[in-house]
Number of protein chains: 2
Amino acid sequence: MARPIILGVVGDSATGKTTLTKGLVEILGRENVTHIGMDDYHCFDRTERAEHAITPLHPDCNYMDVIGQHLGHLRRGEPILKPVYQHGDGTFGRPAYVKPKSFVLIEGLLGYHTSELSALFDIRVYLAPPEELRREWKVKRDTTKRGYTEQQVLKELDTREPDSEAFIRPQRSRADIVVSFQPGVHDDPDHLDAVLTLRDGLPHPDLSAMADEEGRDAIPIEQGASERKLHIPGDIDRDRGAAIEEAIWEQMHFARHLRTERLGTFAVGTDEAHRSESLAITQVLILYHLVTAKAAVAVGGDDHVSRKQDAAPNVPSAA
Amino acid sequence: MARPIILGVVGDSATGKTTLTKGLVEILGRENVTHIGMDDYHCFDRTERAEHAITPLHPDCNYMDVIGQHLGHLRRGEPILKPVYQHGDGTFGRPAYVKPKSFVLIEGLLGYHTSELSALFDIRVYLAPPEELRREWKVKRDTTKRGYTEQQVLKELDTREPDSEAFIRPQRSRADIVVSFQPGVHDDPDHLDAVLTLRDGLPHPDLSAMADEEGRDAIPIEQGASERKLHIPGDIDRDRGAAIEEAIWEQMHFARHLRTERLGTFAVGTDEAHRSESLAITQVLILYHLVTAKAAVAVGGDDHVSRKQDAAPNVPSAA
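For the structure given in this document, a descriptive report is provided here. (Residues numbered from 1 in each chain as written. Chains lettered and ligands numbered in written order. Predicted model: local features only at pLDDT ≥ 70, side-chain atom pairs only at ≥ 80, totals over all residues. Heavy atoms only, no water.)

## Topic: the pairing of strand E3 (residues 80–86) of chain B
Residue and element names in this part refer to chain B. With five of its seven residues buried, E3 lies for the most part within the structure. Where E3 and strand E4 (residues 91–98) come together, six bridges link them in antiparallel fashion. Residue pairing across strands places Ile80 opposite Val98, the latter belonging to E4. Connecting E3 to the antiparallel partner E4 that follows it, the hairpin turn spans four residues, and Gly90 within it adopts a positive phi of roughly 70°. (Buried < 20%, exposed > 50% of the residue type's maximum accessible area, 1.4 Å probe, protein only. Helix = DSSP H or I, 4+ residues; strand = E, 2+ residues; numbered from the N terminus. Pairing = 2+ DSSP bridges.)

## Some points on helix H1 (residues 17–28) of chain B
All names here are of chain B. Taking 1.5 Å per residue, twelve residues should reach 16 Å; H1 reaches 17 Å between its end C-alpha atoms and fits that length. Looking at H1, one finds that the buried residues are Lys17, Leu20, Thr21, Gly23, Leu24, Val25, Ile27 and Leu28. Its buried side turned inward, H1 meets strand E1 (5–11), strand E2 (33–37), strand E5 (103–108), strand E6 (123–127), helix H7 (238–250) and helix H8 (277–298). One or two positions beyond H1, positive phi appears at Gly29, with a value near 95°. (Expected span 1.5 Å × (residues − 1). Contact = heavy atoms within 4.5 Å.)

## A look at the sheet that holds strand E10 (residues 227–232) of chain B
Residues and elements named next belong to chain B. Spatial ordering of the open sheet is given by E2-E5-E1-E6-E7-E8-E10-E9, a layout of eight strands whose pairing is mixed. Single-partner strands in this sheet number two, and they are E2 and strand E9 (221–223). The average undirected angle you get between the axes of adjacent strands in this sheet is 15°. With five bridges joining them, E1 and E6 adopt parallel strand pairing. Bridge pairing links Gly8 to Arg124 in E6. Contacts between H1 and the sheet are confined to E1, E2, E5 and E6, with E5 contributing the most and set at about 170° to the helix. (Axes fitted to C-alpha atoms, helices over the stretch in contact; angles between N-to-C directions.)

## Things to note about unusual backbone geometry
Although it is not a glycine, Asp187 of chain A sits at a positive phi angle of roughly 50°. Of note, Asp187 of chain A is situated in the loop between strand E7 (177–182) and strand E8 (193–199). Of the residues examined, Asp187 of chain A reaches a relative accessible area of 56% and is grouped as exposed. A positive phi is found at Ala53 of chain B, a non-glycine position, where the angle reads about 50°. Along the chain, Ala53 of chain B turns up in the loop between helix H2 (46–52) and helix H3 (64–75).

## A look at the interface of chain B and chain A
Each partner contributes to the interface: chain B provides 19 residues, whereas chain A provides 19 residues. Of the roughly 1,700 Å² buried where chain B meets chain A, counting both sides, 57% is carbon and sulfur surface. Across the chain B-chain A interface, the total number found is four salt bridges. Linking chain B with chain A are 13 residue pairs in polar contact (both at pLDDT 80 or more). (Buried area = accessible area lost by both parts, 1.4 Å probe. Salt bridge = Lys/Arg side-chain N within 4 Å of Asp/Glu carboxyl O. Polar contact = N/O pair within 3.5 Å; in protein donor to acceptor, adjacent residues only side chain to side chain.)

## Observations regarding the packing of helix H1 (residues 17–28) of chain A against helix H8 (residues 277–298) of chain A
Residue and element names in this part refer to chain A. Interaxial distance between H1 and H8 falls to 10 Å at its minimum, and their mutual angle equals 55°. The angle between H1 and H8 falls in the class oblique. Taken as a pair, H1 and H8 cross one another with a handedness that is right-handed. Contacts between H1 and H8 involve Thr19, Leu20, Gly23, Leu24, Ile27 and Leu28 from the former and Leu279, Thr282, Gln283, Ile286, Leu287, Leu290 and Val291 from the latter. (Parallel < 35°, antiparallel > 145°, perpendicular 65-115°, else oblique. Left-handed = near helix turned anticlockwise from the far one by under 90°.)

Below, the structure written as structure tokens:
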């Protein structure tokens, strides 16, 4: 079997990592995806973190070296004995034996903390919603799903802010794709805009379908020195969104059998599922990289992804 | 720091692995030794083993691939996140972060199960007491320290016998040193003979001190095609034993600072500690290999140990 393709989905707590990943897992098929949360690699349980006054965002609170080790093993198609952190009670459970499937999706706080660690991912996504929106999401999730009060969550956010600044946000510069979901002109929480930064290190698909032939509904693309910035409006017409998605699907014609309607759904807190066109377009763009990298590896081009990445400018890790 | 030296102490349950290792840990200093039990790598807890009707001696009951992975990391001086099996209640605990110290001593049931795994050790010791003696030791230990009745232990020994035969005993052929403690002519349990098989794959010390100049008290050495067999009597005179040990210590003159009286002590069950001259000689022989391999690696001869082993005849793994 060709080696697994490793996708990183990195971002601060409650930036939408699971929402983004969920659609990808569903479309690729659970049987083809190994889904790992880096929180499993915490060194301290909840009680110890309180005693040491350390937040989970701090590298010293995570076995960073073991994460690198395990990523190396997974990348070579080897199994790992993965630690298990239980969010329910904040303790550690029995380790899990994990064999990498075709695709390995890794969500975490500190995946790109060092350039060495960062280099172990084939595709690096970083989630960067505006802080105000993230705080709102975190309150919704942690009060509905993790049993905290709103006051506790807000206090925790303040406690964590110095580590977010020092360790989380600087990682943005190492990503191939930066995703910022943000309120659009109508400030509609179900229809957020997606601002995507696509760095030239990855061979992105042809985006000419973004520009509408009649000049209407064109997605603004801002060209930078080594990246492009796309602004996908949250209120984009569904047919227009579908046409853009279709144009990307056409560039992964060998994977057309995966084409379903499962992209773009999301839920916040315990709300029922919604659908977002900007989320769907973002997911299909990431999916493009997953299947293209897999195809390249399958036909013997193991270096396809990493070679392109090596050619990327060496972005300093400053925030 | 030079890479750690890895000693394997392999043998069936209750063959004296911990007794042999204990003196080595004490003389090298706890601060210089990482001591690992391979039982931590069981896949199934006690309840699951009963359900699956599988014994811990079966390779399928152990994460053999992860053991190899972790040995590779330790050998390169890298840390591991080691699973933890709790003999007390037969369940798994929180994993432990382990950084290899100067010496890594690994006790286990299946360390030489494959040639690939076996090759990861610098020094391979296999313990092979007569089965009758081993059963006696297992009953003593498991009834005094692990809360079983004698009947339970005897039944378990019978259940395990097919796996001992199929998986444990064949490993003997892969060892550099086979140690068989066994009753001597006086059948004194405190003064067991040590029959040592020293395979030519390792550069053993000069053993001429074993032959006494006056022809009395000579240790019989049987020369084979690619090994020597030493029979150290359990009732060997203490001064004579000390002289043999001294002759080996002289060949590790760079490690004379380690010389103490801590070798040769043992306990069975909850008995107080005894001293065995044949155990002390066995331990000092193994110590010789540990410090010599370490010295060789320290002066840049990283291949010293493994090169010698490569030159060893390829012993088939049949029992």
